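# Topology and contacts: notes
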Amino acid sequence: FIRANDGLAAIEMAFVFPFMLLLYLGLLDLTGLISHSRKVTSIASAVADLVAQNRIAVIKTDMNDYFKIASLIMKPESDSEVRIRVHVYRKVSNTPTLIWTVENGKGPICTGTVDTSDMLPLMTADNDLIVTQTCATFKPYTGEFMGELLIGTLTPQVEQTVTIRPRSSPSLTC
């Protein structure tokens, strides 16, 4: 009975398979989260760059067009869980002051606030800074595959902030 090898591979498979499946699904979600984070960074950078290319003023309909870039970058995922906020700050009395804000109104509320303490070295008199915040919720693939009962409702939020100066003029209005 001790020397019998029949079924040994099946027993080893029963021990190793759950670990290998867990490792595979974990790596699948990890690479998905990294890809999602890079897409959020690309959206923030692209929207900030498009706003910075305006000469004197940004038209609100143009802002809505800039927000549409999120659907192109997020493909094949939906952009319904992506919030984009554009803030413009101006140096007034040696203090960064919020001039205007526009957002697309989708997705989760960004938990991070704009840190104005680091802005002063970047600003000169009457020079604006464009700050773009992008927030998105990542839904793990295993949660959709296995259901929320097994995995839970873990949905991490990915946020990115990009700061840039206007290119053609020192200030922008909206």
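Below, the structure is looked at part by part. This is a predicted model, so every value here is computed, not measured.

Conventions we followed
Residues numbered from 1 in each chain as written. Predicted model: local features only at pLDDT ≥ 70, side-chain atom pairs only at ≥ 80, totals over all residues. Heavy atoms only, no water. Disulfide = S-S within 2.5 Å. Helix = DSSP H or I, 4+ residues; strand = E, 2+ residues; numbered from the N terminus. Buried < 20%, exposed > 50% of the residue type's maximum accessible area, 1.4 Å probe, protein only. Pairing = 2+ DSSP bridges. Expected span 1.5 Å × (residues − 1). Bend = angle between axes of the 7 residues up to and from the residue. Contact = heavy atoms within 4.5 Å. Arc of directions from axis to C-beta. Axes fitted to C-alpha atoms, helices over the stretch in contact; angles between N-to-C directions. Parallel < 35°, antiparallel > 145°, perpendicular 65-115°, else oblique. Left-handed = near helix turned anticlockwise from the far one by under 90°. Patch = residues over 30% accessible without salt bridge, like charges linked within 9 Å, V, L, I, M, F, W, Y side chains within 5 Å. Areas by Shrake-Rupley, 256 points an atom, 1.4 Å probe, with all protein chains shown as cover. Salt bridge = Lys/Arg side-chain N within 4 Å of Asp/Glu carboxyl O.

### Structural notes on the state of the cysteines
Under the criterion given, the structure shown has one disulfide. Disulfide pairing places Cys110 opposite Cys135 at an S-S distance of 1.7 Å. Given an S-S torsion of about 125°, the disulfide between Cys110 and Cys135 has right-handed geometry. Here Cys110 is found in the loop between strand 2 (95-103) and strand 3 (128-137), whereas its partner Cys135 is found in strand 3, with 25 residues between them in sequence.

### Thoughts on the pairing of strand 1 (residues 82-92)
Burial analysis of strand 1 places eight of its 11 residues in the buried class, which makes it a mostly covered element. Sheet topology note: the strand 1/strand 2 ladder contains eight bridges and is antiparallel. Paired with Arg90 across the strands is Thr97, a residue of strand 2. Hairpin geometry of strand 1 and strand 2 is characterised by an intervening segment of two residues between the two adjacent antiparallel strands and by a positive phi of about 55° at Ser93.

### What about helix 1 (residues 8-52)?
Helix length check: helix 1, at 45 residues, gives a terminal C-alpha distance of 66 Å against a target of 66 Å (1.5 Å per residue), a fit within 8%. The largest bend along helix 1 measures about 35° and falls at Val16, with the proline Pro18 one to four residues further on.

### Some thoughts on the side chain of Thr132
Relative to the assigned elements, Thr132 resides in strand 3. A relative accessible area of 0% places Thr132 in the buried class. Apart from the residues lying within four places of it in its own chain, the contact partners of Thr132 are Ala44, Val47, Ala48, Ile84, Arg85, Val86, Gln160, Thr161 and Val162.

### Observations regarding helix 2 (residues 60-67)
Within the sequence span of helix 2, burial applies to Met63, Tyr66 and Phe67. Take helix 2 and look down its axis: the buried residues cluster within an arc of 100°, on one side only. In the core, the buried residues of helix 2 are packed alongside helix 1, helix 3 (69-74), strand 1 and strand 2.

### Section: the packing of helix 1 against helix 2
Interaxial distance between helix 1 and helix 2 falls to 10 Å at its minimum, and their mutual angle equals 155°. As far as their axial angle goes, helix 2 and helix 1 are roughly antiparallel. Handedness of the helix 1/helix 2 crossing: right-handed. Of the residues in helix 2, those touching helix 1 at Val47, Leu50 and Val51 are Met63, Tyr66 and Phe67.

### Regarding a nonpolar patch on the surface
Together, Ile11, Phe15, Val16, Phe19, Met20, Leu23, Leu27, Leu30 and Ile34 give the surface a local cluster of nonpolar side chains, amounting to about 910 Å² of exposed area. Note on placement: Leu23 falls in helix 1. Using a relative accessible area of 40% as the deciding quantity, one classes Leu23 as partly exposed.

### Remarks on the sheet that holds strand 3
In space, the four strands of this open sheet follow the order 2-1-3-4, with antiparallel pairing throughout. Both edges of this open sheet fall to strand 2 and strand 4 (157-164), since each of them pairs with a single strand only. Mean inter-strand twist for the sheet, computed between neighbouring axes without regard to direction, equals 20°. The sheet contact formed by strand 1 and strand 3 spans nine bridges and is antiparallel. Directly across from Val88, in strand 3, lies its bridge partner Ile130. Contacting strand 1, strand 2, strand 3 and strand 4, helix 1 runs over the sheet at an angle of about 30° to strand 4.

Nothing here speaks to function; it is all geometry.
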